[in-house]
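This is what each chain is made of:
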Amino acid sequence: MRAWGRMREAAAIAAARLAASLSRLTRMGGGTTLPGRIAAAISPGLVAGLSSRLARGVVLISGTNGKTTTARSLAEILEAAGLAVVHNRAGANLLSGIATALATHATLRGRMRGEVGLFEVDEATLPAAVAATRPRVVVLLNLFRDQLDRYGEIDLVAERWRRALAVLPPESTLVYNADDPLVADLCRDHAGPVRAFGLEEAPLSEGRTLEHAADARYCYRCGRPYEYTLVTLGHMGHYRCPGCGAARATPQVCARGVHLHGADGASATIVADGTAIPVSTVLPGLYNVYDVTAAASAALALGIAPAAVGRGIAATAPAFGRGERVDLGGREALLLLAKNPAGFNEVLRTVLLAEASPVVLIAINDLIADGRDISWLWDVDFEMLRDSARAVVVTGLRAEDMALRLKYAGLGAERVIVERDGGGALDRARSLLREGERLYILPTYTAMLHLRRILARRGAVRGFWKD
Amino acid sequence: MELRICHLYPDLLNLYGDRGNVTTLVRRAQWRGISVRVIEARLDDPVDPDASDLFFIGGGEDRQQRLAAPDLRDVKGPALREAAQAGAAILAVCGGYQLLGHYYRPADGPDLVGLGVLDLHTVHPGPGSRRIIGNIVVREAGAGRILVGFENHGGRTHLGPGARPIGTAIVGSGNNGQDRGEGAVWRSVYGTYLHGPLLPKNPWLADELVAAALRRRYGNTAGGVALEPLPDVEENRAAAAAAGRAGARGLSWH
């Protein structure tokens, strides 16, 4: 690199590190986005330059649900294998977040303190991230309807992914979810190495049919409805099109013997390349089984030993708000982020598996990061709560909409408590708990951050950037 | 007394919580002691114009709309036109709304010919154009009742003389972002861009559809067609909160 370029890069790194420190000192925030924006403005080639100096390359992880958890799990696996990881751990998943992670892990001379980059990437940012980092591995988890007000239509996101895959270097490995028909359709023409993953079985799936929220009922090739022999989650499962024959391919990495232990985690055996890796995780729910299977697939693609895969998955703690346990004045509360229909349905199933008559707190916001449109609440099967929930406390900017949804789901007004104030809602829900019971908190993204701030003031959780 | 609802393409045109509308119609009839039958009509299923008095069509993405359009026109079209002429109630949202018009011209690809039940056409101004997205509040033409919801559409809809708008957008854009008109009405056929769960927060429209459907089956003289009022406490609170989020304040609720 020419001297001028070096100087700009050094200035960008210095500015980013200074901005990150200042941001934390002044408690302006986590310092996860702004430093990268500043750095990229000073040196536009920063992300490409720094990521090319990571000895073991870059892994990008994208998808509607599970990015943060999959990245965390993969980070644990890589660290168990002795690798130093550069990771946008706090979930800032636009290019600015990636730039922040890289700049804050670089010396002023541009040497990387870390061997492998691990970045979760917003679905819409994937083409730019692929172009900038030339990743060694790309992990595509799933595509669900989410924040349609921001992206317009799910097919537009799919089109962006198609563009990202078109610029993926041919030697890069594509790790993708074989059980998601839309994702699999995008990936099936990839010329380079692929490592598809999927679930061979799913507990509680017997007789399960597609949900109202399912997005991919009709074949992406010919328009006929898919036939399913197994529905695992949302529109995912073992599918086949009776028209053109497009079908789930047998994945190279599969999870078998899946057991769900309610809110306390899950276990399975991951089978790949003739090796069986028994795994267990404290992360609850079937969606997390997908996430750890994806992480295992990516690790194996990087040549990590199976023993490290099992150890890393076992060591994976929940990311903030995603199965996180917090103290609520001497009672336990479980934060389960619920931001779109498929995810919300799975969270509800997890709660009901854990508790026969739970007290639930649902917090619905409609800020930009949540999606300003809350129509999706009507695609969630809240009817599941009708015969079981002892009480549902609702809060957030759209608490009244949530209460209305519960009314039409068949919950009488005596079981639905509207409390706009977040702290008040926590107190109210806490007062309804019986001895030994746990509160289930189901928030959208910004509602989760808001409730976490209240809990942090009460000393119950840590700030997410310290996490 | 029985309310007979036909839900068209429940698995294809169901983009934004559309089924919330059917849930609302069903519950509000049941709360009044009216029994309800819901018939689902998917691709290739024929529709019997006498078997249902209330039809609902939701929205979909362009891909789904392209799958539904020929089926709606050829398989179900004649029956739907006949039912509409005979006074059946129809509610069509977003993509379904566009398909009730004469045609929809997508951003790319050929025109989709619609049913022509509503005198309107829709044009997508091109792939680079701005989508109309956001909270919307509409004041009904005539009685001045309020509709609240969310709109999210690329197409611009223009009404002909045979249809009138449901109302005027006080907040938001409505049919085309130009004339402030929102939706279209002809007889008991309603089309609107207030997508997804429109009826839960706008129970007066739900009741109007139910009443129209019962009138068609039982006539005005059958008694009991005038629907008993429901308390609608949660409905009104949610509507007021939504209007507040949309930036409209000081409106009265019915």
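Trainee: For helix H13 (residues 399–408) of chain A, give the residues involved together with the corresponding values.
Mentor: In terms of residue burial, H13(A) counts as a mostly covered element, since 10 of its 10 residues are buried. If you check which residues of H13(A) are buried, you get Ala399(A), Glu400(A), Asp401(A), Met402(A), Ala403(A), Leu404(A), Arg405(A), Leu406(A), Lys407(A) and Tyr408(A). Looking at the buried residues of H13(A), the elements they touch are strand E14 (359–363), strand E15 (391–395) and strand E16 (416–418) of chain A together with helix H1 (19–30), helix H4 (198–201) and helix H6 (233–246) of chain B. Residue Gly410(A) follows H13(A) closely and has a positive phi angle near 100°.

Trainee: Kindly report on the pattern of salt bridges, identifying the contributing residues and their values.
Mentor: Residues and elements named next belong to chain A. Scanning the model with the defined rule gives 43 salt bridges over all chains in all. We note a salt bridge from arginine 349 to glutamate 346, for which the minimum N-O separation is 2.7 Å. Residue arginine 349 and its partner glutamate 346 are located together in helix H12 (residues 341–354), separated by 3 residues, close to a single helical turn. Glutamate 346 carries the same exposure label as arginine 349, and that label is buried.

Trainee: Give me the lowdown on the side chain of Gln65(B), citing residues and values where you can.
Mentor: Residues and elements named next belong to chain B. Position of glutamine 65 among the secondary structure elements: in helix H2 (residues 62–85). The class for glutamine 65 is buried, based on a relative accessible area of 2%. Not counting the four nearest positions on each side in its chain, glutamine 65 is found in contact with Leu13, Gly60, Gly95, Gln98, Leu99, Tyr104 and Leu112.

Trainee: Can you explain the environment of Pro242(A)? Please cite residues and give values.
Mentor: Residue and element names in this part refer to chain A. If you trace the backbone, proline 242 turns up in the loop between strand E8 (236–240) and strand E9 (253–260). Exposure remark for proline 242: the relative accessible area of 30% places this residue in the partly exposed category. For the pair proline 242 and cysteine 219, spaced 23 residues apart in sequence, the C-alpha separation works out to 9.1 Å. Sequence-distant contacts of proline 242, that is, excluding residues within four places in its chain, are made with Arg224, Pro225, Tyr226 and Glu227.

Trainee: How would you explain the interface of chain B and chain A if you had to name every residue and give the values?
Mentor: In this assembly, 37 residues from chain B lie in contact with 37 residues from chain A. Both faces combined, the contact of chain B with chain A buries some 3,300 Å², and carbon together with sulfur accounts for 49% of it. Contact with chain A buries surface across chain B, with Arg19(B), Arg63(B) and Arg245(B) losing the most and accounting together for 21% of the total. For the interface between chain B and chain A, the tally reads 5 salt bridges. Our count for the contact surface shared by chain B and chain A stands at 14 residue pairs in polar contact (both at pLDDT 80 or more). Among the secondary structure elements, those contributing two or more residues to the side of chain B that touches chain A are H1, H2, strand E8 (132–140), strand E9 (146–153), H4 and H6 of chain B. Examining the composition of the side of chain B that touches chain A, we find that 7 residues originate from one element, H6(B), more than from any other.

Trainee: An account of the sheet that holds strand E13 (residues 184–186) of chain B is requested, with residue identities and associated values reported.
Mentor: Residue and element names in this part refer to chain B. Read across the open sheet, the 6 strands follow the order E2-E1-E3-E4-E14-E13; overall the sheet is mixed. Edge positions in the sheet fall to strand E2 (35–41) and E13, since each of these pairs with one other strand and no more. Strand-to-strand, the axes of this sheet are offset by a mean angle of 15°, without reference to chain direction. Both strand E1 (residues 2–8) and E2 contribute to a ladder of 7 bridges, which runs parallel. Residue pairing across strands places glutamate 2 opposite serine 35, the latter belonging to E2. Strands in contact with H1 are E1, E2, strand E3 (54–57) and strand E4 (89–93); relative to E1, the strand with the most contacts, it is inclined by about 175°. Of the strands in this sheet, E1, E2, E3, E4, E13 and strand E14 (189–192) touch H2, which is tilted by about 140° from E3.

Trainee: If you had to explain a nonpolar patch on the surface to someone new, which residues and values would you point to?
Mentor: All names here are of chain A. A contiguous nonpolar patch, built from Leu18, Leu22 and Leu25 and spanning about 340 Å² of accessible area, is present on the exposed surface. As for its position among the elements, leucine 22 is in helix H1 (residues 3–25). Since its relative accessible area comes to 46%, leucine 22 is described here as partly exposed.

Trainee: Requested: an account of the sheet that holds E14(A), with residues and values cited.
Mentor: Residue and element names in this part refer to chain A. Overall, mixed pairing links the 6 strands, which are arranged E12-E13-E17-E14-E15-E16 in an open sheet. Only two strands of the sheet have a single partner each, and these edge strands are strand E12 (322–328) and E16. Adjacent strand axes in the sheet meet at a mean angle of 20°, parallel and antiparallel pairs treated alike. Across 6 bridges, the pairing between E12 and strand E13 (residues 331–336) is antiparallel. Counterpart to glutamate 324 in the pairing with E13 is leucine 335. Packing against the sheet, H13 makes contact with E14, E15 and E16, and its axis sits at approximately 150° to E15. Each of E12, E13, E14 and strand E17 (439–443) is contacted by helix H15 (residues 445–457), which is oriented at about 30° to E12, the strand it contacts most.

Trainee: Explain the environment of Ile441(A) to me, using residue names and the numbers behind them.
Mentor: Residues and elements named next belong to chain A. In this structure, isoleucine 441 sits in strand E17. Residue classification places isoleucine 441 among the buried residues on the basis of a relative accessible area of 0%. For the pair formed by isoleucine 441 and aspartate 387, sequence separation is 54 residues and the distance between their alpha carbons is 19 Å.

Trainee: Outline the side chain of Lys201(B), listing residues and values.
Mentor: One can find Lys201(B) in helix H4. Take Lys201(B): its relative accessible area is 10%, and that puts it in the buried class. At 2.5 Å, the side chain of Lys201(B) and the side chain of Asp401(A) are in polar contact. Not counting residues within four places of it along the chain, the set of residues in contact with Lys201(B) comprises Arg398(A), Asp401(A), Leu404(A), Val148(B), Glu235(B), Ala238(B), Ala239(B) and Ala242(B).

Trainee: Give me the lowdown on unusual backbone geometry, citing residues and values where you can.
Mentor: For residues besides glycine, phi is generally negative; the peptide bonds are generally trans as well. The backbone of Arg134(A) sits at a positive phi, close to 40°, despite the residue not being glycine. Note on placement: Arg134(A) falls in the loop between helix H6 (126–133) and strand E4 (137–140). Its identity is not glycine, yet Asp232(B) carries a phi of approximately 55°, on the positive side. Within the secondary structure, Asp232(B) sits in the loop between helix H5 (203–218) and H6. Of the residues examined, Asp232(B) reaches a relative accessible area of 10% and is grouped as buried.

Trainee: Give me the lowdown on the packing of aromatic side chains, citing residues and values where you can.
Mentor: Residues and elements named next belong to chain A. This model, assessed by the stated rule, comprises 7 aromatic pairs over all chains. Ring geometry for phenylalanine 344 against tryptophan 376: centres 6.0 Å apart, planes inclined by 45°, an arrangement best described as tilted. Placement of phenylalanine 344 in helix H12 and of tryptophan 376 in the loop between E14 and E15 is noted, with a sequence separation of 32 residues between them. With a centroid separation of 5.1 Å and 75° between ring planes, the pair formed by phenylalanine 344 and phenylalanine 382 is classed as edge-to-face. On the criterion of sequence distance, the pair formed by phenylalanine 344 in helix H12 and phenylalanine 382 in the loop between E14 and E15 is long-range, its members being 38 residues apart. Under the relative-accessibility criterion, phenylalanine 344 is labelled buried at 0%. One aromatic cluster in this structure is built from Tyr226, Tyr228 and Tyr239. A cation over an aromatic ring shows up here: arginine 322 above the ring of phenylalanine 320, its NZ or CZ 5.2 Å from the ring centre.

Cut-offs applied
- Residues numbered from 1 in each chain as written.
- Chains lettered and ligands numbered in written order.
- Predicted model: local features only at pLDDT ≥ 70, side-chain atom pairs only at ≥ 80, totals over all residues.
- Heavy atoms only, no water.
- Buried < 20%, exposed > 50% of the residue type's maximum accessible area, 1.4 Å probe, protein only.
- Helix = DSSP H or I, 4+ residues; strand = E, 2+ residues; numbered from the N terminus.
- Contact = heavy atoms within 4.5 Å.
- Salt bridge = Lys/Arg side-chain N within 4 Å of Asp/Glu carboxyl O.
- Buried area = accessible area lost by both parts, 1.4 Å probe.
- Polar contact = N/O pair within 3.5 Å; in protein donor to acceptor, adjacent residues only side chain to side chain.
- Pairing = 2+ DSSP bridges.
- Axes fitted to C-alpha atoms, helices over the stretch in contact; angles between N-to-C directions.
- Patch = residues over 30% accessible without salt bridge, like charges linked within 9 Å, V, L, I, M, F, W, Y side chains within 5 Å.
- Areas by Shrake-Rupley, 256 points an atom, 1.4 Å probe, with all protein chains shown as cover.
- Phe/Tyr/Trp six-rings, centres within 6.5 Å; stacked < 30°, edge-to-face > 60°.
- Lys NZ or Arg CZ within 6 Å of the ring centre and 35° of its normal.

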